[in-house]
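# Notes for the structure review
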Amino acid sequence: MEDVLTPKALITGITGQDGSYLAELLLAEGYDVVGLMRRSSTVNIERISHIQDRLTLVSGDLMDEVSLINVLRDHRPREVYNLAAQSFVQASWSQPVLTGETTALGVTRLLDAIRIVDPTIRFYQASSSEMFGRVRSVPQNELTSFYPRSPYGVAKVYGHWITVNYRESYGLHASSGILFNHESPRRGLEFVTRKVTHAAAAIKAGRQREVRLGNLDAQRDWGYAGDYVRAMWAMLQRDTPDDFVVATGETHSVRELCEVAFAAVGLAWENHVVVDPAFLRPAEVDLLIGDATKAHRELDWKCDVDFYGLIEMMVAADVHALQR
Ligand code: NAP
Ligand code: G4F
């Protein structure tokens, strides 16, 4: 018989970086965790293999609303965390329609499925600081207007506003977390932090000679994914849904990232980083720095890991993985 006292949550994007940390957090909080995975021809559960036997993994896709309705009907979660997306900004120029289908319309499909199956479900939308794009003010908070600079950013603006709209139209408990960049040893290798930390470790080990990067001047507010999933959960524990910026409040350039990562293995970054126009973007987000005052005040949230701790953690994990 189903245990009605144990809270149940559905995570879309459970195979991704954030999905894995959120699943760990919810398990520790005593949840039954259901993870939505899309079908693929190879197994793709590297990030959650250590907790796989404690999860219920189900098949579904943000492109297919019926699959979402069926998963909600079959599993009856109390909370839904929508972390699934085509999340790589660079790829959104080569696949703009797919990005819109998944990252934008996928949110509507899931919200509609919730409205149909059980409108009391609490919903979290993974919004992004990419929505601020060409920033209108510094630092960015919940009131800063959006000016997205990529098909991904445009899709996230849609996902954010449809979440607000379903909250206001249908009274859903739907919250949007506007999260600034957050990283970890589980970050995909295509994102700049992991690309650099992995390269520093591989060059130190003699397996690679250089790393090719694009814009070294871009500045980001980089935090630790393990800290940021706590804010997602806290949003859904409130009586009223709302929108929150989650950020460290510090910004660093890609150049500084290189300095810190290569210094962690005793190398000078200038000897190994090559600027390659292939990695420049058609339009760039030059500067992101978040003001998370509202999250500090209303979610009692703060980050524990700073930029230097984060990059050193990532380099150490890459060094360790290469030694194995
Ligand atoms: P990620 O590692 O790229 O994970 C994305 C997840 O979405 C993967 O599990 C992926 O599945 C899944 N997915 C993609 N298309 C799907 C579809 N059509 N149906 C179902 N699942 C699909 O991303 P992340 O870094 O964990 O980020 C989580 C969310 O937060 C994303 O929505 C991202 O846009 C947003 N966000 C991230 C950051 C950040 O700095 N990390 C900042 C702000 C917002 P596969 O494994 O099968 O590919
Ligand atoms: O690591 P990135 O690819 O992350 P980006 O574009 O900021 O997006 C990430 O954070 C968003 C939150 O703001 C999320 F919504 C999104 O899903 C994703 O997680 O690039 C960071 C910066 C950019 O300015 C890019 O131009 O690094 C610059 N960069 C320079 N060379 C590079 C490279 N980025 C990548 N990926 N690869 C390079 O070689």
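These numbers were taken from a predicted model, which means no experiment stands behind them.

The subject of this paragraph is the site of ligand 2. If you check the shell around ligand 2, you find 24 residues, and the closest are Ser128, Ser129, Tyr152, Arg281 and Glu284. Ser87 places a polar main-chain atom, nitrogen or oxygen, 2.7 Å from an oxygen atom of ligand 2. Here Tyr152 contributes a side-chain N or O atom positioned 2.7 Å from an oxygen atom of ligand 2. Contact with the protein chains hides 96% of the accessible area of ligand 2, taken as 720 Å² for the molecule alone. For the shell around ligand 2, the secondary-structure elements that each account for two or more residues are helix H6 (192–204) and strand S8 (211–213). A per-class count over the shell around ligand 2 returns 10 nonpolar, 6 polar and 8 charged. Two domains share the shell around ligand 2, each providing at least three of its residues, namely domain 1 (8–182 + 224–246) and domain 2 (188–220 + 250–287 + 305–323).

Our next topic: the sheet that holds strand S5 (residues 122–128). The parallel open sheet is built from 7 strands, whose spatial order is S3-S2-S1-S4-S5-S6-S11. Lying at the two open borders of the sheet, with one neighbouring strand each, are strand S3 (55–59) and strand S11 (243–246). Averaged over neighbouring strand pairs, the angle between their axes works out to 20 degrees when direction is ignored. Two strands pair when backbone bridges link them, and strand S4 (residues 79–82) and S5 are joined in this way by 4 bridges, in the parallel orientation. Across the sheet, the residue bridging to Asn82 is Gln125, located in S5. Running at roughly 145 degrees to S3, helix H2 (residues 65–75) makes contact with strand S1 (8–12), strand S2 (32–37), S3 and S4 of the sheet.

A few words now on the pairing of strand S6 (residues 173–179). Burial analysis of S6 places 7 of its 7 residues in the buried class, the great majority of the element. Here S6 shows a buried face lined by His173, Ser175, Gly177 and Leu179 and a second buried face lined by Ala174, Ser176 and Ile178. Note that S5 and S6 share 7 bridges and pair parallel. Along S6, the bridge assignment pairs Ser128 with Leu179. In this fold, the crossover linking S5 to S6 by way of helix H5 (residues 151–170) has right-handed handedness. Pairing geometry for S6 and S11, over 4 bridges, is parallel. From the neighbouring strand, Leu179 faces S11, where its bridge partner is Val246.

Reading guide: rules and limits
Residues numbered from 1 in each chain as written. Chains lettered and ligands numbered in written order. Predicted model: local features only at pLDDT ≥ 70, side-chain atom pairs only at ≥ 80, totals over all residues. Heavy atoms only, no water. Near = heavy atom within 4 Å. Polar contact = N/O pair within 3.5 Å; in protein donor to acceptor, adjacent residues only side chain to side chain. Areas by Shrake-Rupley, 256 points an atom, 1.4 Å probe, with all protein chains shown as cover. Helix = DSSP H or I, 4+ residues; strand = E, 2+ residues; numbered from the N terminus. Nonpolar A, V, L, I, M, F, W, Y, C, P; charged D, E, K, R; others polar. Domains from an automatic or database assignment. Pairing = 2+ DSSP bridges. Axes fitted to C-alpha atoms, helices over the stretch in contact; angles between N-to-C directions. Contact = heavy atoms within 4.5 Å. Buried < 20%, exposed > 50% of the residue type's maximum accessible area, 1.4 Å probe, protein only. Right-handed = clockwise from strand over helix to strand, strands pointing away.

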